[in-house]
Protein chains: 2
Amino acid sequence: MPRRSDATRTAILDAARERFASDGYERATIRAIARDARIDPSMVMRYYGSKEGLFAAAVSVDLKLPDLAPLPRDEVGHALVTHFLGMWEDSEVLTALLRVGVTNQAGAERMQGIFRDQLLPVAGTVCPDPEQVPARAALCASQLLGLALARYVLRFPPAVALTREEAVAWLGPTVQRYLTAPHP
Amino acid sequence: MPRRSDATRTAILDAARERFASDGYERATIRAIARDARIDPSMVMRYYGSKEGLFAAAVSVDLKLPDLAPLPRDEVGHALVTHFLGMWEDSEVLTALLRVGVTNQAGAERMQGIFRDQLLPVAGTVCPDPEQVPARAALCASQLLGLALARYVLRFPPAVALTREEAVAWLGPTVQRYLTAPHP
DNA sequence: CCGGAATGTCAACGCTTGTTGGCCTACGCT
DNA sequence: AGCGTAGGCCAACAAGCGTTGACATTCCGG
């Protein structure tokens, strides 16, 4: 059932996502988040218990990875990169998660969980040898996260300047190879 | 001329590198660094002026990238990845820089500078079209940093489990293609 | 229309942080 | 030997943090 305070709760979560994305965990203060949401800091505590609780509530990631199985084998790389870049530009959650994951143990573990629960299964449907799935999925993750890092977080100018189509054209074959090519 | 306090100074820098690498900028406190170096926090201020000054002094990166020009064209990828992974495992400086670069504007700018001053020139010597050098170098950086991220920072288990040889065998062709293959 | 629960504000707490200035010590030069 | 200076420690500061509990307000079911 909907609560009267739902507007406030989502305002807090929105502000939290924004702050975590732009400042990282430590510098995203509860006070600043509360100021953005135009409420008192103590409300954040009341609704989410602690700063960690707020982070857990604000940053929940569903990559919504598409089912690659029905696709022609030589298009999975293209499809995965396209989808991933779209997700990244759709919201700030992924930026927030990466910023926090790099400096915070809990954040890193959450990213490990997303990798394990969301990318690994999808990779399993297109990799030839089941035994190689984890390594191949990790290689995909490294390339996808690496581009996100250079483009959305570190903002290397040439990485920012790439159009999404160019990025897909370059990364697609890489991811494709990591997933389906024979072990080198 | 050597100063009497050089031992202390390097002890501070060593401790700072370690703390920045494992904790990131905000959680690496001057007090903790001073404790590690077995001196008073005020000494850090005396010698390096501020926390930012300490970071600038502690984290100076020379990737020592090899000259790729004399190499056979089809070995540059392999060589670059091998060298990069070696640098990463040699010291904690790169981990520190990445951890800080992700949450700190000054850190991000320093990484941009390293990319521009160290990777770009080397890429220029092996890329066919000078106009494509920045984009190609950025793609290389994305893959190299991405693996470092997954392996040394986020510690995705399959990325950690890769031997260095396996990592080189997988990433080598990717970097090779980013540098020398025709634009897709 | 009234009373309790939900919503929100205010002020303060204990703690940690970067940073500062004063003081003591001990080396090294003449 | 004596003195200046560099090395080092101690105590404190103001600011900011997460967090807490007491108090005001608003809503809604009886």
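Worth saying up front: this structure is predicted, and the values here are computed from it rather than measured. Counting restarts for each chain, with residues numbered from 1 along the sequence as it is written. Here the convention is simple: chains get letters from A, ligands get numbers from 1, in the order in which they are written. It should be noted that, the model being predicted, local features are given only for residues of pLDDT at least 70 and side-chain atom pairs only at 80 or more, the latter also being counted only at that level, while totals for whole chains, interfaces and linings use all residues. For side-chain calculations, the full set of non-hydrogen atoms in the structure is used, while hydrogens and water are omitted.

Now for the UniProt feature "DNA-binding region" (unreviewed entry) in chain A. UniProt positions are given in the numbering used here, feature names are shortened, and annotations may be inferred rather than shown by experiment. If you check UniProt for "DNA-binding region" (unreviewed entry), the listed places come out as residues 29–48 of chain A in our numbering. We count a stretch as a helix when DSSP gives it H or I for four or more residues in a row; a strand needs E for two or more, and each element gets its number in order from the N terminus. Along residues 29–48 of chain A, the helical share is 75% and the strand share 0%, with 14 Å between the first and last C-alpha atoms.

Note on definitions: a residue-residue contact is assigned when non-hydrogen atoms from the two residues lie within 4.5 Å. Of the residues lining the interface, 46 residues belong to chain A; the matching set on chain B comes to 46 residues. Buried area: the accessible area, evaluated with a 1.4 Å probe, that two parts lose upon being put together, summed over both parts. Taken together, the two surfaces of chain A and chain B that pack against each other cover about 4000 Å², and 71% of this comes from carbon and sulfur. Counting the surface chain A buries against chain B, the share from its top three residues, V102(A), F156(A) and W170(A), is 20%. Only one rule defines a salt bridge in this text: a Lys or Arg side-chain nitrogen within 4 Å of an Asp or Glu carboxyl oxygen. Our enumeration of links across chain A and chain B arrives at two salt bridges. Note that E26(A) is salt-bridged to R27(B), the shortest N-O span being 4.0 Å. Polar contact criterion, stated in full: a pair of N or O atoms within 3.5 Å, where within protein one must be able to donate a hydrogen and the other to accept it, and residues adjacent in sequence count only if both atoms are side-chain atoms. Where chain A meets chain B, there are 16 residue pairs in polar contact (both at pLDDT 80 or more).

By a simple turn and slide, chain A fits onto chain B: the slide is 0.0 Å along the axis, the RMSD is 0.1 Å, and the turn is 180°. Within this description, the copies of the chain are treated as partners about a two-fold rotation axis. For chain A, the smallest separation between a C-alpha atom and the rotation axis is recorded for G146(A), amounting to 1.8 Å. Looking at chain A, 100% of its interface residues are interface residues in chain B too, so the copies touch through the same face. Our superposition of the copies is a least-squares fit, built on the C-alpha atoms of residues whose pLDDT is at least 70 in both.

Take the protein's contact with DNA strand D next. The nearness test applies per residue and asks whether one of its heavy atoms lies within 4 Å of the molecule or strand. Near DNA strand D there are 18 residues, and of these T29(A), R31(A), K51(A), S5(B) and R46(B) occur at the shortest range. Of all atoms in DNA strand D that approach within 4 Å of the protein, 54% are sugar or phosphate atoms. One of the side-chain N or O atoms of S5(B) is found 2.9 Å from a phosphate oxygen in DNA strand D. The side chain of S42(B) places a nitrogen or oxygen atom 3.0 Å from a base nitrogen of DNA strand D. Elements with a contribution of two residues or more to the surface near DNA strand D: α2 (30–36) and α3 (41–48) of chain A together with α3 (41–48) of chain B. Classification convention: Asp, Glu, Lys, Arg as charged; Ala, Val, Leu, Ile, Met, Phe, Trp, Tyr, Cys, Pro as nonpolar; all other residues, Gly among them, as polar. Its residues assigned to classes, the surface near DNA strand D shows five nonpolar, six polar and seven charged.

Right, let's get into the domain arrangement of chain A. Residue and element names in this part refer to chain A. For the purposes of this description, domain bounds are those given by an automatic or database domain assignment. Considered domain by domain, chain A is made up of domain 1 (6–58) and domain 2 (73–180). Domain 1 and domain 2 are separated by 27 Å when their C-alpha centres are compared. Between domain 1 and domain 2, the contact holds ten residues from the first and ten residues from the second. For the pairing of domain 1 and domain 2, the buried interface totals around 910 Å² over both sides, and the portion due to carbon and sulfur atoms is 63%. One can count zero salt bridges joining domain 1 with domain 2. Summed over the shared surface of domain 1 and domain 2, the number is one residue pair in polar contact (both at pLDDT 80 or more). At the level of secondary structure, the elements contributing two or more residues to the side of domain 1 that touches domain 2 comprise α1 (6–27) and α4 (51–58). Per element, the largest residue contribution to the side of domain 1 that touches domain 2 is eight residues, and it comes from α1.

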